Amino acid sequence: MSEPRTSNPRPPRYLKQMNKVVVAVGKLGIPVGPAMVLTVPGRKTGAPRSTPMTPFVVHGAMYAVAGYPGAHWALNARAAGSGTLTRGRKSQPVKITELTVDEARPVLREFPVQVPVGVKFAKSSGMVTEGTPDEFESLAGRLAVFRFDPLG
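Presented here is a report on the structure given in the accompanying data block. (Residues numbered from 1 in each chain as written. Predicted model: local features only at pLDDT ≥ 70, side-chain atom pairs only at ≥ 80, totals over all residues. Heavy atoms only, no water.)

Quick look at the overall build of the chain
Then, in step 1: When you go through the chain residue by residue, the secondary structure sums to 5 helices and 7 strands.
Then, in step 2: For the chain, the α and β elements follow one another from N to C terminus as α-β-β-β-β-α-β-β-α-α-α-β.
Then, in step 3: Per-residue burial for the chain yields a buried fraction of 41% across its 152 residues.
Then, in step 4: Summed over its atoms, the accessible surface of the chain is roughly 8,500 Å², and 55% of this surface lies on carbon and sulfur atoms. (Helix = DSSP H or I, 4+ residues; strand = E, 2+ residues; numbered from the N terminus. Buried < 20%, exposed > 50% of the residue type's maximum accessible area, 1.4 Å probe, protein only. Areas by Shrake-Rupley, 256 points an atom, 1.4 Å probe, with all protein chains shown as cover.)

Structure follows, in structure tokens:
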């Protein structure tokens, strides 16, 4: 297994604009592939912050993985503890729970199997080189992993 090419990964330059497009299309009620939009209050302003992501299911529970350490959506989700997941015109309030390192390991192993677009993103941001389950599991403790539990 190769070492990631950077110890300080950054999101791809296109990410901010792409996220704006996905959120805008989602507001029109049009689903965009497997993506959902997570909306949480901002940790500093309290204003709603919406971010596209690709949640996936492991053993009946829904999870999402931050694309790089320090991702703003992950910091906001951690601070908020709850939010809304939206796909097309359907929204679901959710409780957001960050996993411990040990809880995250099996979820991270599933990530490259279930979210191929996430593997491409992780490669472009420098988090992984191969995109194998072992490589993703080794990111436990570096990448935030969250479980979304339906509320109400």
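Let's talk about the sheet that holds strand β3 (residues 56-58)
Then, in step 1: If you trace the 7 strands from one edge of the open sheet to the other, you get β2-β1-β5-β6-β7-β4-β3, paired in antiparallel fashion. Each end of this open sheet is capped by a strand with a single partner; those strands are β2 (48-53) and β3. In this sheet, neighbouring strand axes are inclined to one another by 40° on average, regardless of whether the strands run parallel or antiparallel.
Then, in step 2: Where strand β6 (residues 90-98) lies against strand β7 (residues 145-150), 5 bridges are found, and the strand directions are antiparallel. By the bridge assignment, E98 is partnered in β7 with F146.
Then, in step 3: Along the sheet, helix α2 (residues 72-80) makes contact with β1 (36-41), β2, β4 (61-65), β5 (82-87), β6 and β7, crossing β1 at roughly 55°. (Pairing = 2+ DSSP bridges. Axes fitted to C-alpha atoms, helices over the stretch in contact; angles between N-to-C directions. Contact = heavy atoms within 4.5 Å.)

Observations concerning helix α4 (residues 116-125)
Then, in step 1: Looking only at α4, the buried set comprises G118, V119, F121, A122 and S125. One side of α4 holds all its buried residues, which, seen down the axis, span an arc of 165°. For α4, exposure combined with an orientation more than 90 degrees from the buried face picks out P116, V117 and K120.
Then, in step 2: Looking one or two places after α4, you find G126, whose phi comes out positive at around 90°. (Arc of directions from axis to C-beta.)

Details of the pattern of salt bridges
Once the charged atoms of two side chains with opposite charge are near each other, the side chains can pair.
Then, in step 1: Across all of its chains, the model carries 5 salt bridges by this definition.
Then, in step 2: Between R109 and E137 there is a salt bridge, and its shortest N-O distance comes to 2.8 Å. Of this pair, R109 sits in helix α3 (residues 101-114) while E137 sits in helix α5 (residues 133-137); the two residues are 28 residues apart in sequence, bridging distant segments of the chain.
Then, in step 3: By relative accessible area, R109 is classed as partly exposed at 31%.
Then, in step 4: Given the relative accessible area of 23%, E137 is considered partly exposed.
Then, in step 5: Counted as one network, the salt bridges with shared partners bring together R109, D134 and E137. (Salt bridge = Lys/Arg side-chain N within 4 Å of Asp/Glu carboxyl O.)

Brief notes about the nonpolar core
Then, in step 1: By size, the foremost hydrophobic cluster in this structure holds 20 residues, and its most contacted members are F56, Y63, V65, L108, F136 and V145.
Then, in step 2: Of all elements in the fold, only β3, β4, α3 and α4 reach the threshold of two or more residues within this core.
Then, in step 3: In terms of residues, this core owes the most to one element, α3, which gives 4 residues.
Then, in step 4: Each residue touching F136, except ones within four places of it in the same chain, is listed here: L108, F111, P112, G118, V119, A122, V128 and G131.
Then, in step 5: Counting 18 residues, the second-largest nonpolar core is a separate cluster that includes M36, V40, A74 and I96. (Core = buried A, V, L, I, M, F, W, Y, C linked by side-chain atoms within 4.5 Å.)

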